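# Observations on chain architecture
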Amino acid sequence: SFTVTTTGIPTPTLSESGALPGGITFVDNGNGTGTLSGTPTDSGLFSISFKAQNGSGSPVTQSFTLTVNRAPAITSANNTMFTAGVANSFTVTTTGYPTAGLSETGPLPGGVTFSDNGNGTGTLSGTPTVSGPFSISFKAQNGVGSPATQTFALTVNQAPAITSANNATFT
């Protein structure tokens, strides 16, 4: 919880305006203070304002920023299929505030790379040069709580090809 405090005679009343995150409420305690409290269900930055008034002079307004952090979570699927010799991509997505940075560990097939896009997503992309199963993992971290990790199965299939000679002679 957070307590808003005021001064003035008579004791000011307090009000709040602006969208609060879900689960958070504001209460004027009736003694020149107010309380923001609750369990937030949304994360991010919330611009609100408090107004104090007591009938003496003009009301006073204070701009206020409420920051609600949330530990990261990886929300995309934990597997995908690529085809050897064909350009492919897969987007890893996350939730959390602030935006999570992403990293990848484990051997990737030749021709495939992973990049953190800097916006809570990452991209696994490229043209694989070999086929097979590849077990890798992704980690998302934003400094809030523990990093989120995901074990990921990348399967690279091989397109069919005919490997025998293109002619034969029968007698």
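Values in this document were obtained by computation on a predicted structure and should not be read as measured data.

## Examining the overall build of the chain
Counting secondary structure elements, the chain contains zero helices and 14 strands. The principal-axis extents of the C-alpha atoms in the chain amount to approximately 115 × 25 × 20 Å. By residue count, 32% of the 171 residues in the chain fall in the buried class. Within the chain, contacts between residues at least 6 apart in sequence are counted, and of these 55% link residues at least 24 apart. Summed over its atoms, the accessible surface of the chain is roughly 9,900 Å², and 51% of this surface lies on carbon and sulfur atoms.

## A look at the pairing of strand β8 (residues 79–83)
Residues Thr80 and Phe82 point to one face of β8 and are all buried, whereas Asn79, Met81 and Thr83, pointing to the other face, are not buried. Judged from the five bridges that link them, β8 and strand β14 (residues 148–157) form a sheet pairing that is parallel. Looking at the pairing, Phe82 lines up with Val156 of β14.

## Focus: the packing of aromatic side chains
As enumerated under the stated definition, the model contains six aromatic pairs in all. Note on Phe26 and Phe50: the rings are 5.2 Å apart at their centroids and 40 degrees apart in plane angle, and the pair reads as tilted. Note that Phe26 is positioned in strand β3 (residues 24–28) and Phe50 in strand β5 (residues 44–53), a separation of 24 residues in sequence. In terms of burial, Phe26 and Phe50 fall into one category: buried. Through successive ring pairs, a cluster of aromatic residues spans Phe2, Phe26, Phe50 and Phe64.

## Description of the sheet that holds strand β4 (residues 33–38)
Spatial ordering of the open sheet is given by β1-β4-β3, a layout of three strands whose pairing is antiparallel. On the outer flanks of this sheet lie β1 (2–5) and β3, each paired with one strand and no other. Shown here is a sheet whose adjacent strand axes are inclined to one another by a mean of 20 degrees, direction ignored. Where β3 lies against β4, five bridges are found, and the strand directions are antiparallel. Note on β4: the bridge partner recorded for Val27 is Thr35.

## Some thoughts on the environment of Ile9
Assignment of secondary structure puts Ile9 in the loop between β1 and β2 (13–17). In this structure Ile9 comes out as exposed when scored by relative accessible area, which is 79%. With 47 residues separating them in the primary sequence, Ile9 and Ser56 have C-alpha atoms 8.0 Å apart. With near-sequence residues (within four places) excluded, Ile9 lies in contact with Asn54 and Ser56.

## Description of the side chain of Thr94
Within the element layout of this structure, Thr94 appears in strand β9 (residues 88–97). For Thr94, a relative accessible area of 17% corresponds to the buried category. In terms of polar contacts, Thr94 uses its side chain to reach the backbone carbonyl oxygen of Gly120, at 2.7 Å. Apart from the residues lying within four places of it in its own chain, the contact partners of Thr94 are Ala73, Ile74, Thr75, Ala100, Leu102, Gly120 and Ala140.

## Here's the deal with the pairing of strand β13 (residues 132–141)
Consecutive side chains of a regular strand alternate in pointing toward one face of the sheet and then the other. Side chains of β13 alternate between two faces, with Gly132, Phe134, Ile136, Phe138 and Ala140 buried and Pro133, Ser135, Ser137, Lys139 and Gln141 left unburied. Relative to β13, strand β10 (residues 101–105) is paired through five bridges, and the arrangement is antiparallel. Counterpart to Gly101 in the pairing with β13 is Gln141. Where β13 and β14 come together, nine bridges link them in antiparallel fashion. The partner of Ser137 across the bridge, within β14, is Thr151. Remark: six residues form the turn of the hairpin made by β13 and β14, two consecutive strands paired antiparallel; Gly143 in that turn has positive phi of roughly 85 degrees.

Scoring rules and cut-offs
- Sequence positions are assigned chain by chain, starting from 1 and proceeding in written order.
- Residue-level local features of this predicted model are given only where pLDDT is at least 70; pairs of side-chain atoms are given and counted only at 80 or more, and the full residue set underlies all totals for whole chains, interfaces and linings.
- As a rule here, side-chain values come from all non-hydrogen atoms in the structure, and water together with hydrogens is ignored.
- By the criteria applied, helices consist of DSSP H or I runs no shorter than four residues and strands consist of E runs no shorter than two, each listed in order from the N terminus.
- For each residue, the accessible area found with a 1.4 Å probe, counting protein chains only, is set against the maximum for its type, and the residue is called buried under 20%, exposed over 50%, and partly exposed in between.
- The contact rule is simple, with two residues in contact once any of their heavy atoms fall within 4.5 Å.
- For the accessible areas, the method is Shrake-Rupley and the probe is 1.4 Å, while residue cover comes only from the protein chains on display.
- At least two bridges found by DSSP between two strands is the condition for calling them paired.
- Within 6.5 Å between ring centres, the rings of Phe, Tyr and Trp (the latter by its six-membered ring) count as paired, and their orientation is classed by plane angle as stacked under 30 degrees, edge-to-face over 60, tilted in between.
- A fitted line through C-alpha atoms represents every axis, and for helices the fit uses only the stretch in contact; the resulting angles, taken between N-to-C directions, go from 0 to 180 degrees.
- Contacts described as polar in this section are N or O atom pairs within 3.5 Å, which, within protein, must combine one atom able to donate a hydrogen with one able to accept it, while residues neighboring in sequence count only if both atoms come from side chains.

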